[in-house]
Amino acid sequence: MAAAQTAPPRPSAPVVRAVTVQPAPGRSAASYAPLIEQKAGQPLNGALVRRTIARLFATGEFADIRAVEYPAPGGVRLVFQTQPNYFIGAVRVTHPPKPATYSELVEATGLTLGHVFTAPAVREAVETLANRLRGYGYQQARITPQVQMNRAEAVANITFAIAPGPLARLGSVHFALAVIQPANSTTPPRYLPASARDARSLFQVSGLRLGETVSRAVLDKAVQRIEDHYGRHGRLTARVHIPRPEFDPKTNTLAVQFRVNPGPLVSVQVQGSKISAGELRKDVPIFREHAADAELIEEGRGNLQTALQNRGYFDARVDYHRSITPNGVLRILYTVRPGPQESVQAVLFQGNHYFGEETLEAHVAVQTASILPDFIPGSRGRFSQELAQQDADSIAGLYQANGFAHVRVTPVVVRDYQGKPHHIAVIYRIHEGPQVLVGTLTIRGNHAFSTGIIRNLLTIAPGQPYSPVKTATDRDSILSLYYNAGYEQARMQVRVHPARAADRMDVVYTITEGQPEYVHRVYIGGERFVRREVIASHLHLYPGQPVNQLAMINAQRRLYNLGLFTDVRLAPQNPVGAQRQKTILVNVHEARRWIFSEDVGLQVQSGTGATANEYSSSGSSVSTISYLQLVGGTGVSPLVGFDVTRLAMFGRDQTATFNSRYGRLEKSALFSYEFPQLRGHASLALDLNALYSDTLNVTTFRAIREDAGVQLNERVSPSLRFVYNADYRRISLPVVIINPQEVPLLGQPVQLVTGSYSVVLDHRDNPTDTHGGSYNTASFSFAKSFRTAATATTPSFQPDNFARLYVQNSTYYPLWRHWVLARSTRLGDIAPFGPADIRIVTNPANGQTYSVFGGIPIPERFFAGGADTLRGFSLNQAGPRDPLTGFPVGGDALLINNVELRFPLIGANIGGVFFDDLGNVFTNFHGLLRALTRFREPSTTDLNYLSDDVGFGLRYKTPVGPVRLDFGYNLNPPEYQTVGALKQGGPQVIQNAALPHFNFYFSVGQTF
Amino acid sequence: MMWLLAVLLGLSGGAGLRRAPAAPAAAAQARGGMVVDAVRASVNRQAILDSDVRQAAWYSRLVAALHRPGGPPAAPRPLTAAQRRQALEHLITEALLAQARRRAGVTVDAPPAAVAGQMRRLRALAGGGRNWPRVARRYHLDPAAVRAILAKQMRLLLFADAHCRPRAKVTAAEVAAYYRRTYLPMARGRRLQPAPLALVSGRIRAILVQQKLMRIELQWLHGLRRRARIQIIQRR
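Residues numbered from 1 in each chain as written. Chains lettered and ligands numbered in written order. Predicted model: local features only at pLDDT ≥ 70, side-chain atom pairs only at ≥ 80, totals over all residues. Heavy atoms only, no water.

Trainee: Is there a simple way to think about the overall build of chain A in this case?
Mentor: The helix and strand tally for chain A stands at 17 helices and 46 strands. Scaling as 2.2 N^0.38, a compact globule of 1008 residues should have a C-alpha radius of gyration of about 30 Å, whereas chain A reaches 39 Å, well beyond that. Overall size of chain A, expressed as C-alpha extent along the three principal axes, is 130 × 90 × 85 Å. By residue count, 46% of the 1008 residues in chain A fall in the buried class. Excluding contacts between residues fewer than 6 apart, the proportion of contacts in chain A whose partners are at least 24 apart in sequence is 61%. Accessible surface computed for chain A: about 48100 Å², of which carbon and sulfur atoms make up 56%. A gap of 7 Å separates the mean positions of the 96 positive and 79 negative side-chain charges of chain A. (Helix = DSSP H or I, 4+ residues; strand = E, 2+ residues; numbered from the N terminus. Rg over C-alpha atoms; globule rule 2.2 N^0.38 Å. Buried < 20%, exposed > 50% of the residue type's maximum accessible area, 1.4 Å probe, protein only. Contact = heavy atoms within 4.5 Å. Areas by Shrake-Rupley, 256 points an atom, 1.4 Å probe, with all protein chains shown as cover. Lys, Arg positive; Asp, Glu negative; His and termini not counted. Charge placed at Lys NZ, Arg CZ, Asp CG, Glu CD.)

Trainee: Is there a simple way to think about the overall build of chain B in this case?
Mentor: When its secondary structure is counted, chain B shows eight helices and three strands. Starting at the N terminus and walking to the C terminus, you meet the elements of chain B as α-β-β-α-α-α-α-α-α-α-β. Considering chain B as a whole, with its 236 residues, one finds that 44% of them fall into the buried category. Long-range pairs, those at least 24 residues apart, make up 80% of the contacts in chain B between residues at least 6 apart in sequence. Summed over all atoms, the accessible surface of chain B reaches about 12900 Å², with 57% contributed by carbon and sulfur.

Trainee: Just checking my understanding: could you explain the pairing of strand E20 (residues 491–498) of chain A for this structure?
Mentor: Look at any regular strand and the pattern is simple: side chains alternate between the two faces of the sheet. All names here are of chain A. Taken together, the eight bridges between E20 and strand E21 (residues 504–512) define a ladder with antiparallel strand orientation. Directly across from Gln493, in E21, lies its bridge partner Thr510. Hairpin connection of E20 to E21: five residues between the antiparallel strands, including Asp503 at a positive phi of 55 degrees. (Pairing = 2+ DSSP bridges.)

Trainee: How should I be thinking about the nonpolar core in this particular structure?
Mentor: Nonpolar side chains in soluble globular proteins tend to end up buried together. Core analysis: the largest hydrophobic core is formed by 43 residues, its most contacted members being B:Ile48, B:Leu62, B:Ile92, B:Trp132, B:Val146 and B:Trp220. Ignoring anything within four residues of it in the chain, the contact list for B:Trp220 reads B:Leu97, B:Ala100, B:Phe159, B:Ala160, B:His163 and B:Cys164. Ranked by size, the runner-up nonpolar core spans 25 residues in total, among them A:Val93, A:Val122, A:Leu129 and A:Leu133. (Core = buried A, V, L, I, M, F, W, Y, C linked by side-chain atoms within 4.5 Å.)

Trainee: Is there a simple way to explain a negative patch on the surface in this structure?
Mentor: Residue and element names in this part refer to chain A. A grouping of Glu289, Asp293, Glu295 and Glu299 is seen on the molecular surface, where their side chains present a negatively charged patch. You can see Glu289 is positioned in helix H7 (residues 286–289). Given a relative accessible area of 40%, Glu289 falls into the partly exposed group. (Patch = residues over 30% accessible without salt bridge, like charges linked within 9 Å, V, L, I, M, F, W, Y side chains within 5 Å. Salt bridge = Lys/Arg side-chain N within 4 Å of Asp/Glu carboxyl O.)

Trainee: Help me understand the sheet that holds strand E16 (residues 343–350) of chain A, please; the structure alone is not making it clear to me.
Mentor: In a beta sheet, neighbouring strands are held together by backbone hydrogen bonds and run either parallel or antiparallel to one another. Residue and element names in this part refer to chain A. Read from one edge of the open sheet, three strands run E16-E18-E17, paired in mixed fashion. The open sheet is flanked by E16 and strand E17 (408–414), the only strands paired with a single partner. Going from strand to strand, the sheet's axes swing by 15 degrees on average, the running direction of each strand aside. Helix-sheet contacts for helix H10 (residues 385–400) involve E16, E17 and strand E18 (423–431), and the interaxial angle to E17 is about 150 degrees. (Axes fitted to C-alpha atoms, helices over the stretch in contact; angles between N-to-C directions.)

Trainee: Before we go on, may I ask you to explain the packing of helix H4 (residues 112–125) of chain B against helix H6 (residues 143–164) of chain B in this structure?
Mentor: When two helices pack together, their arrangement is given by the angle between the helix axes and by the axis-to-axis distance. Residues and elements named next belong to chain B. Viewed as axis vectors pointing N to C, H4 and H6 meet at an angle of 130 degrees, and their least axial separation amounts to 10 Å. Judged by the inter-axis angle, H4 sits oblique to H6. Note on packing geometry: the crossing formed by H4 with H6 is right-handed. Facing H4, whose interface residues are Ala114, Val115, Ala116, Gln118, Met119 and Leu122, H6 presents Pro143, Val146, Arg147, Leu150, Ala151 and Met154. Looking at side-chain class alone, the contact of H4 with H6 contains ten nonpolar, one polar and one charged residues. (Parallel < 35°, antiparallel > 145°, perpendicular 65-115°, else oblique. Left-handed = near helix turned anticlockwise from the far one by under 90°. Nonpolar A, V, L, I, M, F, W, Y, C, P; charged D, E, K, R; others polar.)

Trainee: Sorry, what's going on with the packing of helix H3 (residues 81–103) of chain B against helix H8 (residues 197–227) of chain B here?
Mentor: Residues and elements named next belong to chain B. Contact geometry for H3 and H8: axes closest at 10 Å, N-to-C directions at 90 degrees. Overall, the two elements H3 and H8 adopt an arrangement that is roughly perpendicular. Listed contacts from H8 to Glu89, Ile92, Thr93, Leu96, Leu97, Ala100 and Arg103 of H3 are Trp220, Leu221, Leu224 and Arg225.

Trainee: When you look at the pairing of strand E12 (residues 253–261) of chain A in this model, what are you seeing that I'm missing?
Mentor: Residue and element names in this part refer to chain A. Looking at chain direction, strand E8 (residues 169–178) and E12 are connected through eight bridges and run parallel. What sits directly across from Ser172, in E12, is Ala255. Across three bridges, strand E10 (residues 239–241) lies against E12 in antiparallel orientation. Bridging from a neighbouring strand, His241 pairs with Arg259 of E12. The sheet contact formed by strand E11 (residues 246–248) and E12 spans three bridges and is antiparallel. For Glu246, the partnering residue across the bridge sits in E12 and is Ala255. Hairpin geometry of E11 and E12 is characterised by an intervening segment of four residues between the two adjacent antiparallel strands and by a positive phi of about 55 degrees at Asn252.

Trainee: Looking at this model, I keep getting lost on H4(B). Mind explaining?
Mentor: Residue and element names in this part refer to chain B. Over its 14 residues, H4 extends 20 Å from the first C-alpha to the last, a length consistent with the 20 Å expected when each residue adds 1.5 Å. Looking only at H4, the buried set comprises Val115, Met119 and Leu122. Across the axial projection of H4, the buried residues extend over an arc of 60 degrees, all falling on one side. Exposed positions of H4 whose direction lies more than 90 degrees from the buried face are Ala113, Arg120 and Ala124. Just downstream of H4 lies Gly127, where phi reads positive at about 100 degrees. (Expected span 1.5 Å × (residues − 1). Arc of directions from axis to C-beta.)

Trainee: How do you make sense of a nonpolar patch on the surface when you look at a structure like this?
Mentor: Residue and element names in this part refer to chain A. Where nonpolar side chains cluster on the molecular surface, the patch consists of Trp594, Phe596, Phe642, Phe658 and Phe671 and spans about 500 Å² of accessible area. Mapping Trp594 onto the fold places it in strand E25 (residues 594–605). The exposure class assigned to Trp594 is partly exposed, which follows from its relative accessible area of 44%.

Trainee: In this structure, what is going on with the pattern of salt bridges? I would like to understand it.
Mentor: Two side chains carrying opposite charge are able to pair once their charged atoms lie near each other. Residue and element names in this part refer to chain A. The final tally for this structure, using the stated rule, is 43 salt bridges over all chains. Linking Asp567 and Arg569 is a salt bridge whose minimum nitrogen-to-oxygen distance equals 2.7 Å. Between Asp942 and Arg934 there is a salt bridge whose closest N-O contact spans 3.9 Å. Where salt bridges share partners, they join Asp868, Arg871, Glu900, Arg902, Asp917, Arg955, Arg964 and Asp966 into one cluster.

Encoded structure:
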């Protein structure tokens, strides 16, 4: 192929018969027509060709453009030959070695999605990654970039294959000590090798060990330790640095040299006031910054002054003097003039008409004294002259933002307020002045949006207050409107000039819209197993749509919410090119599809302290066995769990999960399959689940539950959702500790089909640690019971059908300084209905008989007691009890009211709680109503009363919610009847037993 | 201002340039095609074309030839690769300055009188107004293009001067130090009676300002280059 030659000058320019452009991938030649200035039919014009090349190049789509002319009949044919640019697509890193993370290393490459790909940038990225890995101790890391060009999309996908090699180890450590200089010396220090003794001592202080793996973090820590060591010995300005360590690739070791400059002895003293050593260290940053420059000394001065002002010495003044003693010690002396100790009794406003006091108070930092004792900082109020002036400026700013350009605010301090010594009042005298209003408002340059649409966004209007703050807000609103419509180049200018009328300003907004950018197409890359259509369905980005940053951010959020990706990036390809039609690049990195987790734990709870004979479901008595004592007493049960999750089932956003738990109290296996967005509807989520569980969390019975269900969640808004549930359950009770006559009936396996409907309205600010808002839920369910099968010893039996209602209302009230008052009320009722068998039951203790309807299956009843309900009871111990065995049997009605006062205790992470729990489980709704005025049980067989417990708890904040330890004291625990022999082989007699007052719980998450 | 032009011309050598790997030439689809023009380099996505490089190279040759004793030759030799390279470096520097000027929002142009004055000088060096178009055409330039180049260069030089001169401050101590360390030894070395400081301080100050200005401008230009994305298209 003959190389094209440069055109020699010609006497007359030929006529161009045709003009063609080689388009970039994915574009049509016709799309470049508006950029071509050299038209067909015109004589060939060098200037027009130059301008055409410049305009094509400005699109950013081409790395090279040549204009080549070919002979054609009657003239020439002009072809713009192009070499397209490639743009960065997927950037991947393989095998990131710990502690580096995948996202961190991808970020470190500096290769930005959508930007032009260049080989030098890849080389720089390799160097940066190598440096980053060296910092982690991988001195011999090898990074191999592999670039895969997608010519059809003009995208370059880059993968950095990392072979980290072994972690480097510490080979040798040397110390060089600076010759100690006078404190005022300006010459650089001279370093000499440390003596063997000094080196040994410093090595010990550093905490390093020869042969251990070494990284930048390890060396930084060693530096810190040495500096702190010198600091403790008065050399507060000690500095240690490490020149670049030498690496020996043969032995994979680092030789590290520490250059230690102890600096002079530094003495920091305070005169004129008592400041504790701890407070001095906290307020004077010299101690932690290892430097004594003027800024730090000044910062210390300011901090000490503020600390004194917080104690009520509002006029405190702190000065400092820096000197060097004859023996070379740097002495910093803070001299304090504390002034009188006062308290702020009142903060008042005078002259305000436009704003009320409540509005102005929000702009004031000066505070009045509180009822807290004097030793608590801030109890005497907050005040200083500077603070009062700042408040005055803040109030003035508020007025100016509302058109009062000439406002004056003067703070005045009144001492001995109301004749009381050391009481002050701060009065803000406000001279509002005239309010400047908007005269005329003109909007120019808008074509994409009508003036009416723009005016709706504005905070100013003719006749309204004018202020520069408002015009700045308007500017932001208008530009946001344009940016979200694809006008990335939009600009706006604001001009203001005085109007003819007094105190009026005419405002002109001039908009330069620029050209809008539109989505040309969407290119998805990086996926391996997830189907592309699943990703596309969550993007909501379509060709022809304006390029909109907000839409892209929302698309990114939706993809992250699927839980399938650890990294999601969206960017327009060639963002700075002049081309208006943009390809949107979407790059995802999938999470591991299989997730395994194992856990080992303990279940701890306080128990009843009671034991009883166990009765098998056949009705025959079995001697007391030890695990019931364990369950009944305050005990511990080990628990192991194993979970498997499989994401992206069938390449879709569906997840299958298997959870299992095995322990003495609980054995369970749950399989669930989730459709987070059913048929593409973002608001609908469907769960299918199947459960097997064998639990002993109620001392009365061990329940084996087999459950299969469907749950549909409909999220109407961020705070409102509906839940629809349909279940089939089979519950059998192989062990149940109740009246043996009831066992054949209530101990039979029960089969139920339930349907339920729930509403959840959640306005809490933070579900795991709520400080404000409310939480409301109401749930209604209907259950159809099936007749049990007859056995050799028991007849067939029809349990009750029943309807169940459960409502909860919780509210949270922020008080002051992170104190929260939280309350919750829960009400539940189960109403049996439908044909059920009646049975006659005899009390073996006294021979009395009574009739009982079919009965709600025990596991379906309400139970309460424990860490999340009534903390005065052990787990599930509240409510009615079997009159024979004394074990809880649950109830058909529930009322619980919890009140908690939550407060910070130590720092930001440790808090405390005072609580009161009131309520109980009741035989039925009538029992609940009767109990509302009872605080003691009417009899040992009628436990329908309101139990009340109080207590204290500790909370430790963690990312998953607070870990809590609660101590509950039941003020009126129940006394209940049991029947048993007083001694082995003796006659059965009626006895009374009582639950203990005291219980404790250890768990995660708030009570409600 | 010609010294600053020399600075611009002298800032070369490719320091800080990032050269793109030899890009495969845009495919020549058929034989016999003649390249009319092509992209030669880009500076922050602003293209510099072959025609721009040719024009700048011929302009440099013309200005140098006009200042030669005996005037410009009748038939100038073709451009060499080194001259084209040098012209490209000038254009890159000009592009960086033009972009900085746009970012700073400067719109003031070179005074027309100054441009006209420079044009008069060039015409006089070419042998007068009648000769001038012929001489320009010999260097493949037309008078309007020369005027445009001159105006552009003056515009950029004014901007560079306005940007850097406020930073080129000289203190009295520096003037005194120069007088002591440089002027006095030089005067003694030439066996001249040194003038008092008060008499020469103005001149010394002017010299020091120029030196500082040059350093500041060089640093600034180096900074612009370092931060810029410059790509040169290598064609075989």
